[in-house]
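Observations on chain architecture
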Amino acid sequence: MVNWIKSLDFSQLAFIVGIILYILIILYTIVKIIKDTESPSKALGYLLLVLALPIVGCILYFSIGVNYRLEKLYKRKYTKNKTYYNNTKKIILKNTEQRIKDHAKLLEGKTLPIRMLLKDSLSALYTAEKTELLINGENKFEVVLSELKKAKHHIHIQYYIFSDDKIGNKIKDILIKKAQEGVVVRFIFDDFGSHELRKRMYKELINGGVQVAAFYQIKLYALANRMNYRNHRKIIIIDSETGFLGGINVNDKYINTPDNTLYWRDTHLMIKGEAVNGLQFTFLNDWNFCSKNKVDIYDTQYFHPVSSEKESHNYELLQIASSGPDSDRATIMLAYNGVIMSSKERLYLTTPYLIPSETIVNALKYSALSGVDVRLLVPYKSDSIIVNAASCAYYEELLAAGVRIYRYTKGFVHAKTIVSDNNLSVVGSANIDMRSFDLNFEISALLYSKTTNQQLSEAFMEDIKNSIELDYKEWKNRNKFIKFGNSIAKLVSPLL
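Residues numbered from 1 in each chain as written. Predicted model: local features only at pLDDT ≥ 70, side-chain atom pairs only at ≥ 80, totals over all residues. Heavy atoms only, no water.

With that settled, consider the overall build of the protein chain. Check the secondary structure of the protein chain and you find 19 helices and 20 strands. Considering the protein chain as a whole, with its 496 residues, one finds that 57% of them fall into the buried category. Within the protein chain, counting contacts between residues at least 6 apart in sequence, those at least 24 apart form 81% of the total. Total accessible area computed for the protein chain in this model is approximately 22,600 Å², and 58% of it derives from carbon and sulfur atoms. (Helix = DSSP H or I, 4+ residues; strand = E, 2+ residues; numbered from the N terminus. Buried < 20%, exposed > 50% of the residue type's maximum accessible area, 1.4 Å probe, protein only. Contact = heavy atoms within 4.5 Å. Areas by Shrake-Rupley, 256 points an atom, 1.4 Å probe, with all protein chains shown as cover.)

Here's what the structure looks like:
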């Protein structure tokens, strides 16, 4: 054996070593996929890809497939003050349980989702002095600009997409003006979604006194796994008094004008009062992850005082659900599953991208088969051909179970909302897809309010007037080639 090795020239030896390394890398990848991938369908997808196209499969898996929730690549940066944390935990647990008791009639049938979020991520049942649904960008930005101008102490702003266009520059100018007035302005942008911001606006903001941080900066865009872990949150916090979250990014296309070629249907939410603390806690964790200028996560100057028992009886109730690779579990998926399973009469869901986990699919089918009025609003055409094809592949089994599916035709529906019975609603950044559940940093508000529920229900009913409802028999008998293409897209959907 030794003599045989000695007889080889350098090129032959290098070839043999290369083959051995090639085989070892493939075997290592296969073992890692089997060991670390929680979803069997996703694991099977990656295994088939690696076996069929070894080099491409390995690159894709390590670029976008590694479960960094297990790897703990991202870690929440809590304060080292354990005493303060424990005291805060006691207050949250006590207040939430008291509010569940005080509002038992309003919260009927919804206490399990509340307690799940409380135990999973210490998400308090907050009070809100005011909540306001903001339908579409033309309504959202009018309110946002007005509220930003009122800032006295601090502005915390975070967006997946922040564009260098008309609305982006209007907000930028206000941020700079407020910073020069002495207001502390912290701004987080996703380095992938807002990459164009770096061309000009970044320097303007910095020179204007705004503290700016790119979330998980990407240096090499090609095959960077950081592209896969996106901060998809849209958060604004003003003086710990006013907060915004939802699906609307900062871009002119979200504002419907006669000049726009595509009507953009989206939903955002403004909240006032103690509930802003849930947004603040998420923002400060993200800030401490991506900025060198750390902030004490429990600094009281950034948090709204807890409402008294007397006040809380007159306010609306809500919880903030946030999740990403820094959370121990897929918190938002668990929350959505809880909302679906707790629905007794009606369940209206709106999502631009539908690539659900098996858990969500089964929950939707269970609810529909149990007699719940389950309706799903999706775009007629998505902005992604592959995602659209994959979504279509799920419709047949949902329709067969009694889920009513509407495809929005007026434009592109980008809202991420849920209406459950008459006392629970959801507005946030998370789509009903595996990217939002497993890969992206997302945030959603669960509102326990009959008023907001009714408003969202009315908006949903208005939207389905501009939609086409799918017929099960017609959909089942659609073109065989299209159906086959949908099936292929569904096969790779766990990788999307």
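This is not the end of the story, as more comes after the structure.
Moving on: the pattern of salt bridges. A complete count under the given rule lists 20 salt bridges for this structure. With a closest N to O distance of 3.3 Å, E181 and K178 form a salt bridge. Take E181: its relative accessible area is 45%, and that puts it in the partly exposed class. (Salt bridge = Lys/Arg side-chain N within 4 Å of Asp/Glu carboxyl O.)

So, about the side chain of D463. Its place among the elements puts D463 in helix α17 (residues 450-464). Not counting the four nearest positions on each side in its chain, D463 is found in contact with R265, L377 and Y408.

Attention now moves to helix α9 (residues 166-180). In this model α9 runs 21 Å from its N-terminal to its C-terminal C-alpha over 15 residues, within 8% of the 21 Å that 1.5 Å per residue would give. Among all positions in α9, only I167, G168, N169, I171, K172, I174, L175, I176, K178 and A179 are buried. Contacts from the buried residues of α9 go to α8 (137-148), β3 (154-159), β4 (184-190) and α10 (201-207). Just past α9, the residue G182 takes up positive phi, approximately 105°. (Expected span 1.5 Å × (residues − 1).)

Okay, the confidence of the model for the protein chain next. Chain-level pLDDT for the protein chain is 87 on average; 88% of the residues reach the 70-or-more range. Low pLDDT (under 50) marks residues 221-226, which in the prediction has 15 contacts with non-local residues, meaning those over four places away or in another chain. (pLDDT = per-residue confidence, 0-100.)

This part takes up the pairing of β4. β4 sits mainly inside the fold: six of its seven residues count as buried. For the crossover that starts at β3, traverses α9 and ends in the parallel β4, the hand is right-handed. Both β4 and strand β5 (residues 211-215) contribute to a ladder of five bridges, which runs parallel. Note that in β5 the partner of F189 across the bridge is A214. Once you follow β4 into α10 and on to β5, the crossover reads as right-handed. (Right-handed = clockwise from strand over helix to strand, strands pointing away. Pairing = 2+ DSSP bridges.)

On the basis of which strands lie adjacent, the open sheet formed by seven strands has the order β2-β9-β7-β6-β3-β4-β5 and mixed pairing. Because the sheet does not close on itself, it has two edges, and the strands there are β2 (130-135) and β5. Across the sheet, the mean angle from the axis of one strand to that of its neighbour is 10°, orientation sign disregarded. Relative to strand β9 (residues 267-272), β2 runs antiparallel, the two being bridged by six bridges. Along β9, the bridge assignment pairs T131 with I271. (Axes fitted to C-alpha atoms, helices over the stretch in contact; angles between N-to-C directions.)

This paragraph deals with the packing of aromatic side chains. Within a pair of aromatic rings, the relevant descriptors are the distance that separates the centres and the angle that separates the planes. Across all of its chains, the model carries 14 aromatic pairs by this definition. Ring centres of F215 and F289 lie 5.2 Å apart, and the angle between their planes is 35°; on these two criteria the pair is classed as tilted. One end of the pair, F215, is in strand β5; the other, F289, is in helix α11 (residues 276-290), with 74 residues separating them in the sequence. The exposure class of F289 is partly exposed, given its relative accessible area of 25%. An aromatic cluster is defined as three or more aromatic residues linked by ring pairs; in this entry it consists of Y159, F162, F187, F189 and Y202. A cation over an aromatic ring shows up here: R407 above the ring of Y380, its NZ or CZ 4.6 Å from the ring centre. Across from the ring centre of Y263, 4.2 Å away, lies the NZ or CZ of K410, which sits over that ring. (Phe/Tyr/Trp six-rings, centres within 6.5 Å; stacked < 30°, edge-to-face > 60°. Lys NZ or Arg CZ within 6 Å of the ring centre and 35° of its normal.)

This part covers helix α7 (residues 111-121). Residues of α7 that are buried include every one of P113, I114, L117, L118 and D120, and no others. Looking one or two residues past α7, L122 carries a phi angle of roughly 55°, positive in sign.

This brings us to the sheet that holds strand β10 (residues 316-323). Spatial strand order, β1-β10-β19-β17-β16-β11-β13-β14-β20: nine strands in an open sheet with mixed pairing. With one partner strand each, in any of the chains shown, β1 (126-128) and β20 (467-469) form the two edges of the open sheet. On average, each strand axis in the sheet is inclined to that of its neighbour by 20°, with strand direction left out of account. Note that strand β14 (residues 404-408) and β20 share three bridges and pair antiparallel. Within β20, the position partnered with Y408 by the bridge is S467. Across the sheet, α7 is in contact with β10 and β19 (442-448); its angle to β10 comes to roughly 50°.

Working note: a packed helix pair is described by the angle between its axes plus the distance between those axes. Where α8 meets α9, the closest approach of the two axes is 10 Å, and the angle between their N-to-C directions is 10°. For the element pair α8 / α9, the angle class is roughly parallel. Residues F141, L145 and L148 of α8 pack against I167, K170, I171, I174 and K178 of α9. Residue composition of the contact of α8 with α9, grouped by class: six nonpolar, no polar and two charged. (Parallel < 35°, antiparallel > 145°, perpendicular 65-115°, else oblique. Nonpolar A, V, L, I, M, F, W, Y, C, P; charged D, E, K, R; others polar.)

Turning next to the environment of I55. Within the secondary structure, I55 sits in helix α4 (residues 54-65). Sequence-wise, I55 and Y22 are 33 residues apart; in three dimensions their C-alpha atoms are separated by 8.8 Å.

On to the environment of I340, then. Locating I340 in the fold gives a position in helix α13 (residues 331-342). In this structure the C-alpha to C-alpha distance between I340 and D421, which are 81 residues apart in sequence, comes to 9.9 Å. Once you skip the residues sitting within four places of it in the chain, I340 turns out to touch L347, L349, I360, A363, L364 and S367.

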